[in-house]
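# Chain and residue survey
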Amino acid sequence: MSTFVALFTISLNAILAENFILVKFLGICPFMGVSKKTDTAFGMGLAVIFVMGLASAATWAVNEFLLVRLNLEYMQTVVFILVIAALVQFVEMFLQKALPALYQALGIYLPLITTNCAVLGVALLNIQNGYTFIESVIYGVTGGVGFTLAIVLFSSVRERLEDCDCPKAFKGFPLALIAAGLLALSFLGFSGFKVFG
Amino acid sequence: MEKILYAVLVLSVMGAAFGAILAIASKIFAVKVDERLPKLTACLPGANCGGCGYAGCQAYAQAVLDGKASIGQCAAGGADAAKAMSAVMGVEAVEVEKKVAMVKCRGQNHLPKARYAGIADCRSAMFVTGNGPSACPNGCLGFGTCTTVCKFDAIHVVNGVARVDADKCTGCMQCVEICPRKVIVPVTYDADIVVACSNHERGAKTRKICDIGCIGCHLCEKQCEYDAIHVIDNLAVIDYSKCVSCGRCAARCPRHLISDSNLRTDMDAVPAMQR
């Protein structure tokens, strides 16, 4: 039971209180780049959930069985980038063959994620927080869910901003940045909660 | 020393291992792609305009390969693309007539029915004010929704009226699709004689709301020796199978709305109304 509560705490934290984009400010690049339309934002979100879960599992294993054994923890960043990049490439090839429908749905977003700092961030945070394997995977997947929540919310805001009548200097990107700031402020409210101690 | 050695070793071994795995995986998971697909896609303009009805150039090329689509549906690529694609597919080339979009309005409806100050988009203007804020029920609204969909920089709003640059226009007809007033129509690039009005109102009413709208006076019809122009529902319509581009109707039209050269030069001489 206590594990369940711990996992629930991790999930809720990853989705709301420690949202990767709006609280930790990781993965801002796709957040601004792919948020013009809600359906593309959702596609990106799905791909991020998928990759973050996989990357958490792979990097946890690499760290535990390779880096820790050889006292090479200081190489985490470099090794994780290598692992994630290779993993994404491999998964892309595998999906194209085995699940063409999913491959079509994730489309160009999959290779885009290779260099996403949210994915590297989740791998490093797993180690920093001392999570077990299960906890790491849960943290990765729910972190992706948090990412999806933020980017879908933001894209619907942006779709409305497209049509608004605003000063020319604010049109487009500046207004989007302001909206992102306000959204981040609102998510700060969640960190007031302490979930289950 | 040992530490550095381990670090370098681990990283290079991992790199090499991943490289090998990916190389093997690319062989195992290789998906067979018809070698004609990239060739066909290369024949197309690559603008992914969607004028053919498919999601993009590659989707259309795939459809041609699958036999679901015929060669020559790509308006943007025109005859060149059709020729190149026919060569790849090994079939006879088909002749494709170049079509361009034309705005059938010169926007002189100087009496707005209502003042519209909402979102600067024709669709929104049509929605909010019933049938649009202009007194003419068929004229161009000039908010430039068509300009936002043009991938070729070929349509612009000049003095409150959308105007197509026929040489830049590739005929993808995205503007025709999106125009809520349906005032943009496809015409053949070589069409010399065009009617630049879409108004079906009766002459007396058209006179009140527009200086250069078609009043259905039938003068063009009487001038034509080839039975090629007719007033249908208060608007002159040209039958291009009979038209020989003699230009007599254009010369006779009291409203000067029949153009002698596809709105490219003649119509520019007539200044459009300022809004």
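Each remark here, short or long, concerns the structure printed above.
First, a word on what this report is: a plain description of the structure on this page. Remember, predicted model here, so these are calculated numbers, not experimental data.

### Some remarks on the overall build of chain A
Each helix and strand in chain A was counted, giving 9 helices and 0 strands. Reading chain A from its N end, one meets helices and strands in the order α-α-α-α-α-α-α-α-α. Here the analysis covers contacts within chain A between residues at least 6 apart in sequence; of these, 77% occur between residues at least 24 apart. Of the accessible surface of chain A, which amounts to about 9,900 Å², a share of 70% is contributed by carbon and sulfur atoms.

### Points about the overall build of chain B
Along the backbone of chain B there are 11 helices and 8 strands. Within chain B, the fraction of its 275 residues that count as buried is 41%. Counting only contacts in chain B whose residues sit at least 6 apart along the sequence, the fraction spanning at least 24 positions is 60%. Surface exposure of chain B reaches about 14,600 Å², of which carbon and sulfur atoms provide 56%.

### Here we look at the pattern of salt bridges
Residue and element names in this part refer to chain B. Under the defined criterion, the tally for this structure stands at 6 salt bridges over all chains. With its nearest N and O atoms 3.2 Å apart, the salt bridge here joins lysine 168 to aspartate 153. With lysine 168 in the loop between strand E3 (161-164) and helix H7 (174-178) and aspartate 153 in the loop between helix H6 (145-149) and strand E2 (155-158), the pair connects residues that are 15 residues apart, well separated along the chain. Exposure remark for lysine 168: the relative accessible area of 39% places this residue in the partly exposed category. Note that arginine 248 and glutamate 225 form a salt bridge whose closest N and O atoms lie 2.3 Å from each other. Here arginine 248 is found in helix H10 (residues 248-252), whereas its partner glutamate 225 is found in the loop between helix H9 (219-223) and strand E6 (229-232), with 23 residues between them in sequence.

### Quick word on the packing of aromatic side chains
Residue and element names in this part refer to chain A. All chains considered together, the criterion is met by 9 aromatic pairs over all chains. Judged by centre distance (4.5 Å) and plane angle (25°), the ring pair of phenylalanine 31 and phenylalanine 154 falls under stacked. Taken together, the positions of phenylalanine 31 in helix H2 (residues 28-33) and phenylalanine 154 in helix H8 (residues 133-162) put the pair 123 residues apart, joining distant regions of the chain. Residue classification places phenylalanine 31 among the buried positions, given a relative accessible area of 2%. Their ring planes at 70° and their centres at 5.3 Å tell us that phenylalanine 187 and phenylalanine 190 sit as a pair that is edge-to-face. With a relative accessible area of 5%, phenylalanine 187 lands in the buried category.

### Observations regarding a negative patch on the surface
Taken together, the side chains of Asp39(A), Glu159(A), Glu162(A) and Asp163(A) define an acidic patch exposed on the protein surface. Tracing the backbone through its elements, the reader meets Asp163(A) in the loop between H8 and helix H9 (173-188).

### Re the nonpolar core
In this structure, Leu22(A), Phe31(A), Met44(A), Val79(A), Tyr139(A) and Phe154(A) are the most contacted members of the largest nonpolar core, which totals 53 residues. Here this core gets 10 residues from one element, more than from any other, and that element is helix H3 (residues 38-67) of chain A. In this structure Met44(A) touches Pro30(A), Val34(A), Tyr109(A), Ile113(A), Phe147(A) and Ile151(A), once residues within four positions along its chain are discounted. Counting 23 residues, the second largest nonpolar core, distinct from the first, contains Ala101(B), Val103(B), Val161(B) and Ala162(B).

### Some details on the interface of chain A and chain B
It is common to report an interface's size as the accessible area lost on association of the parts. With 19 residues of chain A at the interface, the matching set in chain B holds 17 residues. Carbon and sulfur atoms make up 87% of the area that chain A and chain B hide from each other, which totals about 1,600 Å². It is Leu82(A), Met93(A) and Lys97(A) that lose the most area in chain A upon contact with chain B, and together they represent 28% of the buried surface on that side. One can count 0 salt bridges joining chain A with chain B. By residue number, the principal contributor to the side of chain A that touches chain B is helix H4 (residues 76-98) of chain A, which donates 11 residues. For the side of chain A that touches chain B, the class distribution of residues is 14 nonpolar, 3 polar and 2 charged.

### What to know about the side chain of Asn126(A)
All names here are of chain A. Mapped onto the elements of the fold, asparagine 126 is located in helix H7 (residues 117-128). With a relative accessible area of 1%, asparagine 126 lands in the buried category. In this view, asparagine 126 contacts Ser56, Tyr131, Ser136 and Tyr139; residues no more than four positions away in its chain are not counted.

### Overview of the packing of helix H2 (residues 36-43) of chain B against helix H3 (residues 57-65) of chain B
All names here are of chain B. Two elements in contact, H2 and H3, have axes whose closest approach is 9 Å; the angle formed by their N-to-C orientations is 125°. Overall, the two elements H2 and H3 adopt an arrangement that is oblique. Once H2 is placed against H3, the crossing between them reads as right-handed. Here Arg36, Leu37, Leu40 and Thr41 of H2 lie close against H3, whose contacting residues are Cys57, Gln58, Ala61, Gln62, Val64 and Leu65. When the residues that make up the contact of H2 with H3 are grouped by side-chain class, the tally is 6 nonpolar, 3 polar and 1 charged.

### Let's talk about the pairing of E2(B)
All names here are of chain B. Two strands pair when backbone bridges link them, and E2 and E3 are joined in this way by 4 bridges, in the antiparallel orientation. Note that in E3 the partner of isoleucine 155 across the bridge is valine 164. Here E2 hands over to E3 after 2 residues, with asparagine 159 in that stretch at a positive phi of 50°.

About the criteria used
- Residues numbered from 1 in each chain as written.
- Chains lettered and ligands numbered in written order.
- Predicted model: local features only at pLDDT ≥ 70, side-chain atom pairs only at ≥ 80, totals over all residues.
- Heavy atoms only, no water.
- Helix = DSSP H or I, 4+ residues; strand = E, 2+ residues; numbered from the N terminus.
- Contact = heavy atoms within 4.5 Å.
- Areas by Shrake-Rupley, 256 points an atom, 1.4 Å probe, with all protein chains shown as cover.
- Buried < 20%, exposed > 50% of the residue type's maximum accessible area, 1.4 Å probe, protein only.
- Salt bridge = Lys/Arg side-chain N within 4 Å of Asp/Glu carboxyl O.
- Phe/Tyr/Trp six-rings, centres within 6.5 Å; stacked < 30°, edge-to-face > 60°.
- Patch = residues over 30% accessible without salt bridge, like charges linked within 9 Å, V, L, I, M, F, W, Y side chains within 5 Å.
- Lys, Arg positive; Asp, Glu negative; His and termini not counted.
- Charge placed at Lys NZ, Arg CZ, Asp CG, Glu CD.
- Core = buried A, V, L, I, M, F, W, Y, C linked by side-chain atoms within 4.5 Å.
- Buried area = accessible area lost by both parts, 1.4 Å probe.
- Nonpolar A, V, L, I, M, F, W, Y, C, P; charged D, E, K, R; others polar.
- Axes fitted to C-alpha atoms, helices over the stretch in contact; angles between N-to-C directions.
- Parallel < 35°, antiparallel > 145°, perpendicular 65-115°, else oblique.
- Left-handed = near helix turned anticlockwise from the far one by under 90°.
- Pairing = 2+ DSSP bridges.

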